[in-house]
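Residue strings, one per chain:
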Amino acid sequence: MNILLIYAHPEPRSLNGSLKSFIIKRLENAGHFVQLSDLYAMKWKAALDADDNTERQADARFDPSLNSKQAFEQGTQSKDIALEQDKLRWANAVILQFPLWWFSMPAILKGWVERVYAYGFAYGVGEHSDAHWGDRYGEGMMAGKRAMLVVTAGGWESHYSPRGINGPIDDILFPIQHGILYYPGFDTLPPFVIYRSSRTDEIRFSRICEELGQRLDDLWKAAPIPFRPQNAGEYDIPRLTLRSDVAPGQYGFGAHVALNQL
Ligand code: FAD
């Protein structure tokens, strides 16, 4: 299988750097092909702007979505964006690896998403009408591919538990797992999260590698998070709210996960 690792940490000698090397080795030893996008090493340009379309009219008002759409359709996207899209087309599975920074991904990785997820590629796909609000949330260009997060966090696991002060980790990662991965069609596997990362020594590191290695071995057979697909009848269209008989009494992020399938 082809696996794309999108990695965002500025220091190769960090915990994340060691985990990145472990992930690549484990997957390659299992016979998979791995491509790495090491965003800091690539000096990835994080800011989405008018230069992302190489043929944009200099005096035109900059419209981020339209600029992206035109560049994608006309083949005038900046080269770094097109190369990352090719890697995504190539991949059967994608791993996003990063330290949790301010309850989200580092800005450089967010910038990768903003620029690589072009209009017509990751959004604006399929029929858009009052009867069908696009191919997304379970459908789209990434349908049939798998994705997983590997995240390190300074906080304790209890801080991210259902009643923990930081909020549940599933809620914190929801915009990434549901909004960035499931939206363009990825089957999103449960995340691999390392809590209290500063407390890592040789012994803990080898235990982490054992657990992470198992997750990598299971990449093709693990059950994805059962997010509810947009176009399978559970949402009223075009309001796109859950039908009243689906998950009655449930609100918020959790309502979009079919708990009875867990
Ligand atoms: P490192 O600091 O490189 O390493 C952590 C530990 O692992 C060290 O003790 C190191 O010695 C050890 N180690 C590294 N490699 C190995 C190895 N090969 N074998 C054995 N031991 C090893 N945390 C939160 O929970 N929530 C937040 O919102 C949050 N926001 C942050 C915002 C910013 C801007 C920053 C800088 C940090 C934030 N943190 C937050 C903490 C952050 O998540 C952690 O600092 C990060 O996850 C640690 O990952 P690292 O790769 O940088 O680890």
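Quick look at the structure, then. Predicted model only: the values in this text are computed from it and were never measured. (Residues numbered from 1 in each chain as written. Predicted model: local features only at pLDDT ≥ 70, side-chain atom pairs only at ≥ 80, totals over all residues. Heavy atoms only, no water.)

### Structural notes on the overall build of the chain
Our working rule: Numbering of helices and strands runs from the N terminus; a helix is a DSSP stretch of H or I covering at least four residues, while a strand is a stretch of E covering at least two. In this treatment the radius of gyration is a C-alpha quantity, and the globule benchmark scales as 2.2 Å times the residue count to the 0.38 power. Think of it in three bands: with a 1.4 Å probe and only protein chains considered, a residue is buried below 20% of the maximum accessible area for its type, exposed above 50%, and partly exposed in between. We count Lys and Arg on the positive side and Asp and Glu on the negative side, and we leave His and both chain ends out. For the purpose of locating charges, the reference atoms are NZ of Lys, CZ of Arg, CG of Asp and CD of Glu.
Along its length, the chain carries 6 helices and 8 strands. Going residue by residue from the N terminus, the α and β elements of the chain occur as β-α-β-α-α-β-α-β-α-β-β-α-β-β. Relative to the 2.2 N^0.38 estimate, which gives 18 Å for 262 residues, the radius of gyration of the chain is 19 Å and therefore close to what a compact globule would have. Relative to its full complement of 262 residues, the chain shows a buried share of 46%. Computed over 27 positive and 31 negative side-chain charges, the inter-centroid distance for the chain is 5 Å.

### A few points about the nonpolar core
To keep it simple, the criterion reads: Throughout, nonpolar core names a set of buried Ala, Val, Leu, Ile, Met, Phe, Trp, Tyr and Cys residues whose side chains join them through atoms within 4.5 Å. We call two residues in contact whenever any of their non-hydrogen atoms come within 4.5 Å of each other.
Within the largest apolar cluster, 37 residues are counted, with the highest numbers of intra-cluster contacts made by Leu 88, Leu 96, Phe 98, Trp 112 and Tyr 117. Within the residue set of this core, elements represented by two or more residues are β1 (2-7), β3 (93-99), α4 (107-116), β4 (146-152) and α5 (169-182). Counting residues per element, this core draws most heavily on α5, which supplies 6 residues. In this structure, Tyr 117 is in contact with Leu 88, Trp 112, Ala 122, Tyr 123, Ile 180, Leu 181, Pro 184 and Phe 186, ignoring residues within four places of it in sequence. Within the second largest apolar cluster, 21 residues are counted, among which are Leu 5, Leu 27, Phe 192 and Cys 209.

### Some points on the site of the ligand
The cut-off we apply is this: One heavy atom suffices: a residue is near a molecule or strand as soon as one of its heavy atoms comes within 4 Å of it. Definition of a polar contact: a pair of N or O atoms within 3.5 Å, with one able to donate and the other able to accept a hydrogen when the atoms are protein atoms, and with sequence-neighbouring residues admitted only if both atoms are side-chain atoms. Per-residue and other accessible areas were derived by the Shrake-Rupley procedure at a 1.4 Å probe size, with only the shown protein chains allowed to occlude residues. Residues are grouped as follows: nonpolar covers Ala, Val, Leu, Ile, Met, Phe, Trp, Tyr, Cys and Pro; charged covers Asp, Glu, Lys and Arg; every other residue, Gly included, is treated as polar.
Taken together, 21 residues form the shell around the ligand, and within it His 9, Asn 16, Trp 102, Thr 152 and Tyr 160 come nearest. Between the ligand and His 9 there is a distance of 2.7 Å, counted from an oxygen atom to a side-chain nitrogen or oxygen. Within the backbone of Ser 198, a nitrogen or oxygen atom sits 3.2 Å from an oxygen atom of the ligand. A total of 990 Å² of accessible area belongs to the ligand in isolation, and the protein chains cover 65% of it. Element by element, the count of residues in the shell around the ligand is highest for helix α1 (residues 15-29), at 3 residues. Taken together, the residues of the shell around the ligand sort by class into 9 nonpolar, 10 polar and 2 charged.

### A look at the pattern of salt bridges
Applicable threshold: We define a salt bridge as a side-chain nitrogen of Lys or Arg found within 4 Å of a carboxyl oxygen belonging to Asp or Glu.
Summed over all chains, the structure comprises 13 salt bridges. Measuring nitrogen to oxygen at the nearest pair gives 3.4 Å for the salt bridge that ties Glu 73 to Lys 69. One end of the pair, Glu 73, and the other, Lys 69, are both in helix α2 (residues 64-74), 4 residues apart, so they sit about a helical turn from each other. Glu 73 gets classed as exposed once you look at its relative accessible area, which sits at 55%. According to the relative accessible area criterion, Lys 69 is partly exposed, its value standing at 26%. The closest approach of N and O atoms between Asp 245 and Arg 243, which form a salt bridge, is 2.6 Å. Of the residues examined, Arg 243 reaches a relative accessible area of 30% and is grouped as partly exposed.

### A word on the pairing of β3
Note the cut-off: Any two strands are treated as partners once DSSP identifies two or more bridges connecting them. Viewed with both strands pointing away, a crossover whose connecting path from the first strand over the helix to the second turns clockwise is right-handed.
In terms of burial, β3 is largely enclosed, as 7 of its 7 residues are buried. Because side chains alternate across β3, one face comprises the buried residues Ala 93, Ile 95, Gln 97 and Pro 99, and the other comprises Val 94, Leu 96 and Phe 98, equally buried. Pairing of β1 with β3 involves 5 bridges; the strand directions are parallel. Within β3, the position partnered with Ile 3 by the bridge is Ala 93. In terms of handedness, the path from β3 via α4 over to β4 forms a crossover that is right-handed.

### A closer look at the side chain of His 9
In this fold, His 9 is placed in the loop between β1 and α1. A polar side-chain atom of His 9 sits 3.0 Å from the main-chain amide nitrogen of Glu 11. A distance of 3.3 Å separates a polar atom in the side chain of His 9 from a polar atom in the side chain of Ser 14. With residues near it in sequence (within four places) discarded, His 9 still touches Ser 14, Asn 16, Asp 38, Tyr 40 and Pro 99.

### Let's talk about the environment of Pro 238
One can find Pro 238 in the loop between β7 (235-236) and β8 (241-242). On the basis of relative accessible area, Pro 238 is assigned to the partly exposed category, the value being 36%. Expressed as a C-alpha distance, the spacing of Pro 238 and Leu 100, which sit 138 residues apart in the sequence, is 35 Å. If we ignore the near neighbours within four places in the chain, the residues touching Pro 238 are Asp 130 and Trp 133.

### Some details on the pairing of β1
Looking along a regular strand, one sees side chains alternate from face to face of the sheet. Here β1 lies mainly inside the structure; 6 of its 6 residues are buried. Burial along β1 is two-sided: Asn 2, Leu 4 and Ile 6 and Ile 3, Leu 5 and Tyr 7, pointing in opposite directions, are all buried. Where β1 and strand β2 (residues 33-38) come together, 6 bridges link them in parallel fashion. Across the sheet, residue Ile 6 finds its bridge partner in β2, namely Ser 37. At this point the chain moves from β1, through α1, to the parallel β2, and the crossover so formed is right-handed.

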